[in-house]
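Below are the chains, spelled out letter by letter.
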Amino acid sequence: MAGRTVRNRRIPSRAVSAAAVAACATLVLAACGSTKDDVASGGGGGDGSGKVGVILPLLTSPFWQSYNDYVPKMAKSEGVDALKTVNSNSDPSQQITDINNQLNQGVKGLVVAPLDSAAIVAGLDQADRKGVPVVAVDVAPDKGKVAMVVRADNVAYGEKACEYLGKQIGSGKVVQIMGDLASVNGRDRSEAFRSCVKKNYPKLKVLEIPAKWESDTAASKLDTLLNANPDIKGIYMQAGGVYLAPTLQTLKSKGMLKKAGQAGHIAIVSNDGIPQEFDAIRKGEIDATVSQPADAYAKYGMYYIKAAMQGKTFKTGPTDHGSKIVELPGGILEDQLPAPLVTKDNVDDPELWGNTVK
C-alpha cells in the first residue's frame, strides 16, 4: 500500500502554557524540560553529523504511512542525514535484525518505533555497545538506554475514550478492541480504559478483544462477539489505522452501522487521527478519535537524535512545544506530546495533521 504524500506540512506553534511557565519560573533553568535554546550539554560533544537509521514497525497502517512520509521532510528541516526508512513488517525479531543491519552500516544514530517493549531491549543493547544513541518513537521500551522516547500520553488515550463513551452511553456493553499487550501502548490504553470505566462509569460493562494491532484478528473476533452480544452500545478502537476499516465493515455486514443521531447508533471512539477517521466522523460513522501527532513524532524524533549525537542530554519539565518531559521507570525520559480529542466539533481544524495529508 503506497504511503501518503504531504500537502501542507505544518507543526502548529504552541506557546508554553501559563502553568508550565510558572513551573519553570520556580525552578532553576536546568530543571525544566529541554528546549532548542536551553538543552543541557552532556558527554560526547559531537557535531551531530553522520547517517541516521530510521526503523518503522509496519507500513500497513495509514498512520505509519503518514509518519513514513513525514520522516524525510522533518529530517531535512532538522538537519539530519537520514537513510531510507526500514520496515520491520510487524515482526519484533526482524526489528532487532534491522537494528543490527543499520549498525553494521555505520549509522551514528537510530530512530526506532518499537514493536515490542521487551524485545526491543536486545536492539538497544546492541546500539549501546557501539556507542550509537537511540530515540524511540511511539512506544517506550521496558528498559534499556534511549536518549528520549517521543510519544503521547497513552494513558490519556484510554481515559479520553472512556470519558467520551461514558458520557454518551451511561450504561450498557462497550467493546475495547485492544492493541498488542506486548507493547506498552497496548497495555497503557487497555488498563486506563478499564480502570476509568470501573471508577467513573460502573454501569458500563467492558468486553475486550485482544487484536495485536491486526486488522483480520479484530474483524473476526468482533464478528464473533457481536453474534453473542448484539446489544453493544459502544466501541473503543485502540488504533484506527488498523481497526477502522474492519470494524465498520463488520458492523455494516450485520446491519449495525447506524449514523450518529439515528436509532441504534453504536458510539465509536478511536485512536490515531488519520484522514480516514476524520471522514468517518464527518459521515457520522464514528464519533471521535484521539489524534496521535504523526508529524510531531517525526519532527521531534529527528530533533532529539541530532541532539543526542551532539552529546546533549535532557531533564524533566515543560518544553517549548506544548509538551512535558517525564521520567519513566528505569530513568527513561519521555517527551509526552499533545494528542487532542477530535469530534464533529473540531474535525475540520486545519492544524490537525490528519487534515494536511492527501
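Relevant structure appears above.
Conventions and cut-offs
Residues numbered from 1 in each chain as written. Predicted model: local features only at pLDDT ≥ 70, side-chain atom pairs only at ≥ 80, totals over all residues. Heavy atoms only, no water. Salt bridge = Lys/Arg side-chain N within 4 Å of Asp/Glu carboxyl O. Helix = DSSP H or I, 4+ residues; strand = E, 2+ residues; numbered from the N terminus. Buried < 20%, exposed > 50% of the residue type's maximum accessible area, 1.4 Å probe, protein only. Pairing = 2+ DSSP bridges. Phe/Tyr/Trp six-rings, centres within 6.5 Å; stacked < 30°, edge-to-face > 60°. Contact = heavy atoms within 4.5 Å. Right-handed = clockwise from strand over helix to strand, strands pointing away.

Draft legend 1. Geometry of the pattern of salt bridges. All chains considered together, the criterion is met by 12 salt bridges. Asp128 is the salt-bridge partner of Lys145, the closest N and O atoms lying 3.6 Å from each other. One end of the pair, Lys145, is in the loop between strand 6 (134-137) and strand 7 (148-152); the other, Asp128, is in helix 4 (residues 120-129), with 17 residues separating them in the sequence. Residue classification places Asp128 among the partly exposed residues on the basis of a relative accessible area of 38%. For Lys254, the salt bridge goes to Asp223, with nearest N and O atoms at 3.1 Å. Placement of the pair is Lys254 in the loop between helix 8 (240-253) and strand 11 (267-272) and Asp223 in helix 7 (residues 215-228), with a sequence separation of 31 residues. Lys254 gets classed as partly exposed once you look at its relative accessible area, which sits at 28%. Taking the relative accessible area as the measure of exposure, Asp223 reaches 28% and is therefore partly exposed. What you see here is one network of salt bridges that share partners, running through Arg151, Asp188 and Glu334.

Draft legend 2. Fine view of the pairing of strand 15 (residues 324-327). Two elements, strand 14 (residues 317-318) and strand 15, share 2 bridges in a ladder whose sense is antiparallel. Bridge pairing in strand 15 places Gly317 opposite Ile325. Remark: 5 residues form the turn of the hairpin made by strand 14 and strand 15, two consecutive strands paired antiparallel; Gly322 in that turn has positive phi of roughly 75 degrees. The pairing of strand 15 with strand 16 (residues 333-337) spans 4 bridges and is antiparallel. Its bridge partner lying in strand 16, Glu327 is registered against Leu333.

Draft legend 3. Inspection of the packing of aromatic side chains at higher detail. Throughout the structure, instances matching the rule amount to 9 aromatic pairs. Between Tyr303 and Tyr304, the ring centres sit 4.9 Å apart and the planes meet at 55 degrees, which makes this aromatic pair tilted. Ring plane angle 80 degrees and centroid distance 4.9 Å describe the contact between Tyr304 and Phe314, whose orientation is recorded as edge-to-face. Here Phe314 lies in the loop between strand 13 (312-313) and strand 14 and Tyr304 lies in helix 10 (residues 294-309), a separation of 10 residues in the sequence. Judged on exposure class, the residue Tyr304 and its partner Phe314 are both buried. Linked through ring pairs, Phe63, Trp64, Tyr67, Tyr70, Tyr297 and Trp353 together constitute an aromatic cluster.

Draft legend 4. Summary view of helix 4. Within helix 4 the residues assigned to the buried category are Ile120, Val121, Gly123, Leu124, Gln126 and Ala127. Along its buried surface, helix 4 packs onto helix 3 (92-104), strand 5 (109-112) and strand 6. Looking at the residues trailing helix 4, positive phi occurs at Gly131, about 70 degrees.

Draft legend 5. A look at the pairing of strand 11. By the criterion of burial, strand 11 is predominantly enclosed, with 6 of the 6 residues buried. Neither face of strand 11 is exposed, since Ala267, Val269 and Asn271 on one face and Ile268, Ser270 and Asp272 on the opposite face are all buried. Note that strand 10 (residues 232-237) and strand 11 share 3 bridges and pair parallel. Bridge pairing in strand 11 links Gly234 to Ala267. Two elements, strand 11 and strand 12 (residues 288-291), share 4 bridges in a ladder whose sense is parallel. Paired with Asn271 across the strands is Val290, a residue of strand 12. A crossover connection joins strand 11 to the parallel strand 12 through helix 9 (residues 275-283); in handedness this β-α-β unit is right-handed.

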